[in-house]
2 protein chains.
Amino acid sequence: MGTVYLIPSLLGETEPDHSLPAYNTQVINSIPYFVVEDVRSARRFLKKVNKDIDIDALRFEVLNKKTSPAELSRLIEPVLQGMSCGIISEAGCPGIADPGAVLVDIAHSKGVKVVPLVGPSSILLALMASGFNGQSFAFVGYIPVKPNERKKRIKQLEQRMLTEDQTQLFIEAPYRNLPLLEDLLATLNPNTKLCVAC
Amino acid sequence: MGTVYLIPSLLGETEPDHSLPAYNTQVINSIPYFVVEDVRSARRFLKKVNKDIDIDALRFEVLNKKTSPAELSRLIEPVLQGMSCGIISEAGCPGIADPGAVLVDIAHSKGVKVVPLVGPSSILLALMASGFNGQSFAFVGYIPVKPNERKKRIKQLEQRMLTEDQTQLFIEAPYRNLPLLEDLLATLNPNTKLCVAC
């Protein structure tokens, strides 16, 4: 049986040796099969990590929100037959605010070994840099867009921060950042601390 | 003014190039002043990263749970005077389930630039490897030790997992792992998934 490796990719236009351990390149160079969120950007990432990589000899399959359970069984099949597999998402760590977890789940159900590699996570880097409580924190994904639901959700997260001292992290698409920031400023208590990482 | 760098250390007996980017070594080699959770293990870590480092030329100060606000002001002083500082905790990422956040907070209040570096986080690696939901998750630190409080807390976290589909992560001291596992098995619903990373 092969092994499933979770391979973090780069955040933005950084160089590999800025945010990836040398060991990740060794692992990448040993893998013939990649399950990726987007084939084009995964190929670009692999060439950036190793400019001599024989990219056309590698097998690529797509894993995203639309991937069906039947498709998942097909994706894990080569691993059951002995081929190691690398999961790569668009930015940062596979399975963290990105596709990957469903394939890991099916790998565990088949007794396949899963190895996560170290790399950049925007969530973790933002939390470290914020100076907010890192003894208790939650990542909650996206905040609702509809005004009433949004306001209610922001208040709920603020309440959890106040009663449990739990830092609340969430993400937004770049073009929606400014409206979200305005809504946060209009809704949150003036004493609530806010950190924006981009 | 100097810069405050958050420098992840190693988890267990791994080699630096297994889990730290080459860039971290560059940064470490440029820093004269370290604020650390434990001086002895920080010195050992720095020598592991760079065996030729002139360790006795470096300045070390301690930051842990007992550090007072007055002490924090003293720790940030060299940075205000132009000396860059590296924060190093016992294992993994400073500020994440480890000391560091309070010094980052005071750095921000003084307008000091804070730079988090990439490195291993046991919390993130466990979540990636679990195959559990990484679109919504919480790290809640330690579970209470007293039986009644413990049972209540475990039930509360399970409820949050069920109602919000939020993965719940927590830690325990190694010698308490087995009793915790027994309590989890006795308290959780048989359908609740559990992943143990060690």
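What you are looking at is a predicted structure, and each value in this text was computed from that prediction instead of being measured.

Trainee: Residue-level account of the relation of the copies chain A and chain B, with values.
Mentor: Expressed as a screw operation, the relation of chain A to chain B combines 0.0 Å of axial shift with a rotation of 180°, fitting to an RMSD of 0.0 Å. Interpreted geometrically, this transformation is the action of a two-fold axis.

Trainee: Mind laying out the environment of Arg 44 of chain B, listing which residues take part and the relevant values?
Mentor: For Arg 44 of chain B, the location among the structural elements is in helix H3 (residues 39-49). As a C-alpha pair, Arg 44 of chain B and Ile 55 of chain B span 11 residues in sequence and 9.5 Å in three-dimensional space.

Trainee: Give a description of the interface of chain A and chain B that names residues and reports values.
Mentor: If you look at the interface, chain A gives 49 residues, while chain B gives 49 residues. Contact between chain A and chain B buries roughly 3700 Å² in total, counting both sides, with carbon and sulfur atoms accounting for 59%. If you sort the residues of chain A by the area they bury against chain B, Val 118, Met 128 and Phe 137 of chain A come out on top, with a joint share of 17%. At the surface where chain A touches chain B, the tally comes to 4 salt bridges. For the salt bridge of Glu 164 of chain B with Arg 160 of chain A, the shortest nitrogen-to-oxygen distance reads 2.8 Å. Among the secondary structure elements, those contributing two or more residues to the side of chain A that touches chain B are helix H1 (16-19), helix H2 (22-29), helix H5 (101-109), strand E5 (113-116), helix H6 (122-130), strand E6 (137-142) and helix H7 (147-164) of chain A. The greatest single-element share of the side of chain A that touches chain B, amounting to 7 residues, is contributed by H6 of chain A. When E6 of chain A meets strand E6 (residues 137-142) of chain B, the two strands line up antiparallel, connected through 3 bridges. Within the sheet, the bridge partner assigned to Phe 137 of chain A lies in E6 of chain B and is Phe 139 of chain B.

Trainee: I'd like a rundown of helix H8 (residues 177-187) of chain B, residues and numbers included.
Mentor: Residues and elements named next belong to chain B. When H8 is considered as a whole, its buried residues turn out to be Leu 180, Leu 184 and Thr 187. One face of H8 carries all of its buried residues, which in axial projection span an arc of 75°. Every exposed residue of H8 that faces more than 90 degrees away from the buried side is listed here: Leu 178, Glu 182, Leu 185 and Ala 186.

Trainee: Could you give an account of the packing of aromatic side chains, with specific residues and numbers?
Mentor: Residues and elements named next belong to chain A. Per the counting criterion, the structure on display carries 4 aromatic pairs over all chains. Plain terms: the ring middles of Phe 34 and Phe 60 are 5.9 Å apart, the flat faces sit at 25° to each other, and that makes the pair stacked. With Phe 34 in strand E2 (residues 33-36) and Phe 60 in strand E3 (residues 59-62), this pair connects stretches of sequence that are 26 residues apart. Pair check on accessibility: Phe 34 and Phe 60 agree, each one buried. The positively charged end of Arg 59 is found above the aromatic ring belonging to Tyr 33, 5.0 Å away from the centroid.

Trainee: Explain the sheet that holds E6 of chain A to me, and be specific about the residues and the numbers.
Mentor: The 4 strands lie next to each other as E7(A)-E6(A)-E6(B)-E7(B), forming an open sheet whose pairing is mixed. Every other strand in the sheet has two partners, leaving strand E7 (167-171) of chain A together with strand E7 (167-171) of chain B as the edge strands with one partner each. Within this sheet the neighbouring strands show an average axis-to-axis angle of 15°, counted without direction. As defined by bridge partners, E6 of chain A adjoins E7 of chain A across 4 bridges and the pair is classed as parallel. Bridging across to E7 of chain A, Ala 138 of chain A finds its partner in Gln 168 of chain A. In the packing of helix H6 (residues 122-130) of chain B onto the sheet, contacts are made with E6 of chain A together with E6 and E7 of chain B, and the angle to E7 of chain B comes to roughly 135°.

Thresholds, definitions, all that
Residues numbered from 1 in each chain as written. Chains lettered and ligands numbered in written order. Predicted model: local features only at pLDDT ≥ 70, side-chain atom pairs only at ≥ 80, totals over all residues. Heavy atoms only, no water. Least-squares fit on C-alpha atoms with pLDDT ≥ 70 in both. Helix = DSSP H or I, 4+ residues; strand = E, 2+ residues; numbered from the N terminus. Contact = heavy atoms within 4.5 Å. Buried area = accessible area lost by both parts, 1.4 Å probe. Salt bridge = Lys/Arg side-chain N within 4 Å of Asp/Glu carboxyl O. Pairing = 2+ DSSP bridges. Buried < 20%, exposed > 50% of the residue type's maximum accessible area, 1.4 Å probe, protein only. Arc of directions from axis to C-beta. Phe/Tyr/Trp six-rings, centres within 6.5 Å; stacked < 30°, edge-to-face > 60°. Lys NZ or Arg CZ within 6 Å of the ring centre and 35° of its normal. Axes fitted to C-alpha atoms, helices over the stretch in contact; angles between N-to-C directions.

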